[in-house]
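Given next are the chains, with one letter for each unit.
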Amino acid sequence: MKNKTVKMILAVAVLAVCCGAYAGVKTYVSHQEQKESEAESEENTSVFTASADDIKSLDFMVDDTETTFEKKDDSWVKKDDTDFPVNQSTLDSAASSVTSVESDRVLEDVDDLAEYGLDSPANTIKIVTKSEDEDGDDTTTTLYVGDENSSTSQYYVRKDDDEKTVYLVDSSCVEPFTKTLYDYAQMEDFPAISSTDTITKISVDGDNSYELKKDADTSVWSVSANGEEDKADSATVSSLVSSFGSMAYNSMADYKCEDKSKYGLDKPYSTITVDYQEKVETSDDNAETSDSETPDSTETTEMVDKQLTILVGNEADDSNRYVMVNDSNEVYTMSEETLSALTDKTEEDFWDMTVSYVSVNSLASLKVNYQGTDYKVNASRETSTDEDGNDTETVTYKLDGADLNETTFTTFYNKLINMAAQKRLTEKYDPDGDAELTVTFTEEDGDTLEVSYYSYDTNYYAAVVDNKVYLVNKMNIKELFTAFESVAGVEKDETKTDSDEVESDEKASADVETDSETETSDNSDAVTDDDSKSASASDTTDTSESDTEE
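I will try to describe carefully the structure that is included in this document. Small disclaimer: the values here were computed from a predicted structure and weren't measured. (Residues numbered from 1 in each chain as written. Predicted model: local features only at pLDDT ≥ 70, side-chain atom pairs only at ≥ 80, totals over all residues. Heavy atoms only, no water.)

## Digging into the packing of aromatic side chains
Item 1. Summed over the entire model, instances satisfying the criterion amount to 21 aromatic pairs.
Item 2. A ring pair is formed by Tyr-370 and Phe-484, whose centres lie 5.6 Å apart and whose planes are at 70°; its orientation type is edge-to-face. Of this pair, Tyr-370 sits in strand 19 (residues 363–370) while Phe-484 is found in helix 6 (residues 474–488), placing the two residues 114 residues apart along the sequence.
Item 3. With centroids separated by 5.8 Å and ring planes inclined at 50°, the aromatic side chains of Tyr-429 and Tyr-456 adopt a geometry described as tilted. Of this pair, Tyr-429 sits in the loop between strand 23 (423–425) and strand 24 (437–443) while Tyr-456 sits in the loop between strand 25 (448–455) and strand 26 (460–465), and the two are 27 residues apart along the sequence.
Item 4. Tyr-429 sits in the buried class, given a relative accessible area of 17%.
Item 5. Grouping aromatic residues by their ring pairs yields a cluster made of Tyr-370, Tyr-375, Phe-412, Tyr-461, Phe-481 and Phe-484.
Item 6. The side chain of Arg-158 reaches across the aromatic face of Tyr-144, ending 4.0 Å from its centre.
Item 7. Between the NZ or CZ atom of Arg-424 and the centre of the ring of Trp-351, over which it lies, the distance is 3.5 Å. (Phe/Tyr/Trp six-rings, centres within 6.5 Å; stacked < 30°, edge-to-face > 60°. Helix = DSSP H or I, 4+ residues; strand = E, 2+ residues; numbered from the N terminus. Buried < 20%, exposed > 50% of the residue type's maximum accessible area, 1.4 Å probe, protein only. Lys NZ or Arg CZ within 6 Å of the ring centre and 35° of its normal.)

Given below as structure tokens:
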């Protein structure tokens, strides 16, 4: 027992000694690293130093061409082309990057400059600085830039005429001089439309040409092409209109274009024209004043008609196209994705897919022919005034002269006016047989609208309105028929067993889904519009039900 205790004491003592030794070694290593770091810092060699205010010009290679930017009246200009729109911030940053060039590694007595890429420098930076003496000559310092050291991300540099000394300098001193010419140019801002609500017309002229126009009285959008005008889907147009508030250029391609054909702008791929209004401040200098007073001007604002024209040219690369805007001679690149939202559309992409919307508030009567039998619903409105002078309108419905339950009717009516198609036929359609349901709306102002539903195939019913043919999901039409049977008190056709009808409807629904998936690749925009329309229809249903309840 005694021996075990002694051994334990010795072990603890040894452990304490080891811990102390470890702590001492750690402290020593830390001190040594600090000394080495300080020594390395002290060994940094100054390659070039100057005040940014003293730098008069910078001469370096841009796009394989020797280019000089110089200071005039505290502003940078391109020496051989003073009209070039120099980006002052970019040149200021370039000048600042060489105000203190240091090297943490100096190679002396170099015999082979090719080893560092300095036999044929990638760039030559000439820095002209003012003399400290007012009457002294300017000083020119030349830095020759060689290869990049891939391990340290630094560059090999030699200075002036010294071919024996090579410096390793930080990339931040070199990279500001590795841009293309138009990276040093000041781009204009795209003339974005601040209030897109003021847009009244959008025209696209190209392979796909169409025009969107907003009615000044109703604010309803229409789309037209080849002289035919259709109501446009409000959600689709709204998304497109809002995009004009955030359009932007990607880069400048030419600040003074003299040959549009270089960019495909002499014969544009597409021309986009937008009519809108902009609020402009004006002053009224005719304010009345006394003889001793100076006339005051009154600031007012007014809406002024404006037009934005975008010429779309060739592809600049895989994701951009060249554009020119309004009367500017400058050529920019713009995202292909942004432009294609306009240029790759057709009038069909904007069609409103609502089959037959007539507000219940304006309905006078509804004629219905269902499976060969005629029915007529009349709406009657009476206004009563309470003792406080508040008017209340009461609406009643009669089917062929007999009272009709309001809830039963409005359930059917909401399905009818919010019916949305999945697509529209563009070819001629000749119905095979009679319509299963024909509805004629008559509004209080006398306007009428007729829609007829024909069985089209296992997936769709064809809804015919004037010269338009909509294809509607068969399951939605089945629900519409069922709702009307409740209105008319029609007995359900018992010739089919319940199981047969369920199986048939399930097959039709599955076929519609398969058909829609098959068409997605060719009609992806149309499917998106249908989804938007379904959401819109749902909102309209709520509104219509609310109106009916009122």
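## A word on the side chain of Ser-356
Item 1. Locating Ser-356 in the fold gives a position in the loop between helix 4 (336–343) and strand 19.
Item 2. Contacts of Ser-356, omitting those with residues within four sequence positions, involve Leu-416, Ile-417, Phe-441, Leu-449 and Val-451. (Contact = heavy atoms within 4.5 Å.)

## Details of unusual backbone geometry
Item 1. Its identity as a non-glycine residue notwithstanding, Asp-64 has a phi of 65°, on the positive side.
Item 2. Among the structural elements, Asp-64 can be located in the loop between strand 2 (55–62) and strand 3 (65–72).
Item 3. Backbone geometry places Gln-371, a non-glycine residue, at a positive phi of 50°.
Item 4. Its place among the elements puts Gln-371 in the loop between strand 19 and strand 20 (373–385).

## So, the environment of Asp-259
Item 1. Here Asp-259 shows up in the loop between strand 14 (251–254) and strand 15 (270–284).
Item 2. Among the polar contacts made by the side chain of Asp-259, one reaches the side chain of Ser-261 at a distance of 2.5 Å. (Polar contact = N/O pair within 3.5 Å; in protein donor to acceptor, adjacent residues only side chain to side chain.)

## Brief notes about the pattern of salt bridges
Item 1. Applying the stated criterion across every chain yields a total of 14 salt bridges.
Item 2. When the shortest N-O distance is used, the salt bridge between Asp-275 and Lys-201 registers 3.7 Å. Note that Asp-275 is positioned in strand 15 and Lys-201 in strand 10 (residues 201–206), a separation of 74 residues in sequence.
Item 3. Assessed through its relative accessible area of 25%, Lys-201 is described here as partly exposed.
Item 4. Each of Asp-230, Arg-424 and Lys-468 takes part in a single network of salt bridges with overlapping partners. (Salt bridge = Lys/Arg side-chain N within 4 Å of Asp/Glu carboxyl O.)

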